[in-house]
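# Architecture and fold: a report
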Amino acid sequence: MKITVIGAGYVGLVTAACFADLGNEVMCVEKVSSKLEKLCRGISPIYEPGLDEMLQKNIKEGRIHFTDKIEEGVNFSDVIFICVGTPQSESGKADLSQVEEAARQIATYMDRYKLIIEKSTVPVNTHKWVKKTVKRYAKNDIEFDVASNPEFLREGSAIYDFMNPDRIVVGVESEKAKQIFQQLYKPFTDKGYPLLITTPQAAELIKHASNSFLAMKISYINMVADLCEKVGADINEVADGMGYDKRIGRAFLNAGLGYGGSCFPKDVKAFVKIAEDNGIDFSLLKEVEKINQRRREKVIELIEDILWINKDKNIAIWGLAFKPDTDDIREAPSIDIVKSLSQTGANLRLYDPKAMDNYKQLFPESDNLKYVDDKYDAVKDADILVIITEWKEFKEADLSRVKSLMRLPIIVDGRNIYDPKSVRDLGFEYYSIGRP
Ligand code: UGA
């Protein structure tokens, strides 16, 4: 099939590359010229494992094209995915101006039937506004459908998630739109992946409700972790025991520094706001947010409890990205932690395998904040090592070497990546989350 994707951000680019890889012909519209120039050379502006290779293969085989001309994109196909950004505004509400702009532009240039699909995460009933906008700005009375097809891709494993979905959700209002989706997702349904056909409003809600539920699971387990610390239980044992119950499941029960990223913090806030706009006080989710914020404060307090005085202490930080396998630092727990520690007069040495370039824009190097290219350099003469992101290379680190390099052998492990007994046997003073 021919497919147009508007917006080569995280969602758009992965969607475009994966659909092309499945044999479709894809036109991706990106208006930022610096991004477009890279994309045409098969270089992704974001780090996502496997994405560059997939782009290069499909560019070479002529299945994916990039343009900055929306008109070209609209003419190219009858199936148009809107994958533009929906950033958070001051009030917590999603800023939908880019979605509105895309709808207007599609309306301006369409000259035959179009299936216009929201893939960006949007508040419930946005499809109604998209429909209204297209109708208003269309030059003629051309038939079109608006549908919702939310994405459930995790950064760092987005290609895997796209190709192996737990479910595909499409919210449609017409038989024609339904049939187009059935054809588009046939390679998936043939393999047995479920395709759920719903109303557009249900599809829109499924996305926000799913992300908020996962965020709630994380805050829940973090509260249980706090209780574990008080009573001498191990949160991993508790989470395992809960997770065997199929109704609960073990996923997203990893206690630690809580959630960050471009999705959960924004989506939980937006969902609270959507509920509020509809006269519902979603106080449960407000508490989820509060608990999540508190995770960061707790670890800052813990470091101060351990060091007594932070001033002039050397603090090594491992991990800046909001989670492993990404260079994304949006809403990363590290931001609050680094900010707070840097104000205490401590000397910080930061290391992350992928996120340091992005981080330097937020925290430029200074006398007491340095970036190093190697995790072992970060711990040289350190009084404490703080682990914020659970990168694989930290899990596999040579801890004897770490110990020999540090001034004091103290680790605060914000993601529970080590076995407490083995680390302590090596002579470390070791603190983790929710474990005795
Ligand atoms: C999330 C969802 O998992 C995707 O399904 C969704 O499509 C995406 O948002 C989106 O809306 O676009 P993502 O933000 O990439 O994906 O990352 P997750 O793997 O979900 O992790 C989110 C945060 O929760 C990370 O900061 C992670 O460290 C934290 N987390 C996750 C925990 O603290 N504990 C856990 O057990 C799991």
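Because the structure is a prediction, the values reported are computed rather than measured. Within each chain, residue numbers correspond to sequence positions counted from 1 in written order. Local features in this predicted model are restricted to residues of pLDDT 70 or higher, and side-chain atom pairs are both shown and tallied only at a pLDDT of 80 or more, whereas totals for entire chains, interfaces and linings draw on every residue. By convention in this description, side-chain values take in all heavy atoms of the structure and omit both hydrogens and water.

### Focus on the overall build of the protein
We apply this condition: Counting from the N terminus, the helices are the DSSP runs of H or I reaching at least four residues and the strands are the DSSP runs of E reaching at least two. Between buried and exposed lies partly exposed: a residue is buried under 20% and exposed over 50% of the maximum accessible area for its type, with that area taken using a 1.4 Å probe on protein chains only. Any two residues whose heavy atoms approach within 4.5 Å at even a single point are treated as in contact. Reported accessibility uses the Shrake-Rupley method at a 1.4 Å probe radius. Residues are deemed covered only where the shown protein chains occlude them. Counting rule applied: Lys, Arg positive; Asp, Glu negative; His and chain ends not counted. Every charge is mapped onto a representative atom, which is NZ of Lys, CZ of Arg, CG of Asp or CD of Glu.
Of regular secondary structure, the protein possesses 19 helices and 14 strands. Over its C-alpha atoms, taken along the principal directions, the protein stretches across nearly 75 × 45 × 40 Å. Buried positions account for 53% of the 436 residues belonging to the protein. The contacts in the protein between residues at least 6 apart in sequence include a share of 71% that link residues at least 24 apart. Carbon and sulfur atoms provide 51% of the accessible area of the protein, an area that totals close to 19,700 Å². Taking the average place of the 61 positive charges on the side chains of the protein and the average place of its 68 negative ones, the gap between the two points comes to 2 Å.

### With respect to the domain arrangement of the protein
The following threshold applies: Where a domain begins and ends is set by an automatic assignment or by a domain database. Computed with a 1.4 Å rolling probe, the buried area is the accessible surface lost when two parts are put together, summed over both parts. Take a side-chain nitrogen of Lys or Arg and a carboxyl oxygen of Asp or Glu: if they are within 4 Å of each other, that pair is a salt bridge. As used in this structure description, the phrase polar contact means that two N or O atoms lie within 3.5 Å; if the pair is within protein, one of them must be able to donate a hydrogen and the other to accept it, and residues adjacent in sequence are counted only when both atoms belong to side chains.
Taken domain by domain, the protein consists of domain 1 (2–163), domain 2 (208–288) and domain 3 (295–431). Taking only C-alpha atoms, the centre of domain 1 and the centre of domain 3 are 37 Å apart. Summing the contributions of domain 1 and of domain 3, the shared interface buries around 600 Å²; its carbon and sulfur component is 46%. Looking at the side of domain 1 facing domain 3, the largest losses of area belong to Tyr47, Glu155 and Gly156, adding up to 84% of the total buried there. Taken together, domain 1 and domain 3 are joined by one salt bridge. For the interface between domain 1 and domain 3, the tally reads two residue pairs in polar contact (both at pLDDT 80 or more).

### A look at the environment of valine 79
The residue valine 79 is located in strand S4 (residues 79–82) in this model. Taking relative accessible area as the criterion, valine 79 reaches 4% and is therefore assigned buried. Valine 79 sits 36 residues away from leucine 115 along the chain, and the two C-alpha atoms are 4.9 Å apart. The contacts of valine 79, once residues within four sequence positions are left out, are Met1, Lys2, Ile3, Thr4, Leu115, Ile117 and Ile180.

### Here's the deal with the pairing of strand S5 (residues 114–118)
Within a regular strand, side chains alternate between the sheet's two faces. Let me state the cut-off plainly: Pairing between strands is defined by DSSP: at least two bridges between the two strands are required. Consider the strands pointing away from the viewer: the crossover is right-handed when the path from the first strand over the helix to the second runs clockwise.
Burial analysis of S5 places five of its five residues in the buried class, which makes it a mostly covered element. Burial along S5 is two-sided: the face carrying Lys114, Ile116 and Glu118 and the face carrying Leu115 and Ile117 are both buried. Pairing analysis gives four bridges linking S4 to S5, with the strands arranged parallel. Paired with isoleucine 82 across the bridge in S5 is glutamate 118. Handedness of the S4-helix H5 (residues 97–109)-S5 crossover: right-handed. Examined bridge by bridge, S5 and strand S6 (residues 144–148) share five bridges and lie parallel to one another. The residue bridging leucine 115 from the neighbouring strand is aspartate 145, located in S6. After leaving S5, the chain enters helix H6 (residues 126–137) and then returns to the sheet as S6, a path that is right-handed.

### What about the pattern of salt bridges?
What the rule picks out here adds up to 36 salt bridges. Lysine 93 serves as the salt-bridge partner of aspartate 277, at 3.7 Å between the closest nitrogen and oxygen. Here the residue aspartate 277 occupies a position in helix H12 (residues 264–277), and lysine 93 occupies one in the loop between S4 and H5, the gap between them amounting to 184 residues. For arginine 154, the salt bridge is made with aspartate 161, and the minimal N-O distance between the two is 2.6 Å. For aspartate 161, a relative accessible area of 10% translates into the label buried. Taken together, the shared-partner salt bridges in this structure form one network comprising Asp78, Asp111, Arg112 and Lys114.

### Points about the site of the ligand
Keep this limit in mind: Near is defined per residue: the residue qualifies when any heavy atom it owns lies within 4 Å of the molecule or strand. Basically, the charged four are Asp, Glu, Lys and Arg, the nonpolar ten are Ala, Val, Leu, Ile, Met, Phe, Trp, Tyr, Cys and Pro, and anything else, Gly included, counts as polar.
Contacts to the ligand come from 20 residues, most closely from Glu151, Leu153, Glu155, Lys207 and Asn211. In the model, an oxygen atom of the ligand is placed 3.5 Å from a nitrogen or oxygen of the glycine 258 main chain. Here lysine 323 contributes a side-chain N or O atom positioned 2.8 Å from an oxygen atom of the ligand. For the shell around the ligand, the secondary structure elements donating two or more residues are helix H10 (200–231) and H12. Per-element accounting of the shell around the ligand gives the leading share, three residues, to H10. Tallied by class, the residues present in the shell around the ligand amount to nine nonpolar, four polar and seven charged.

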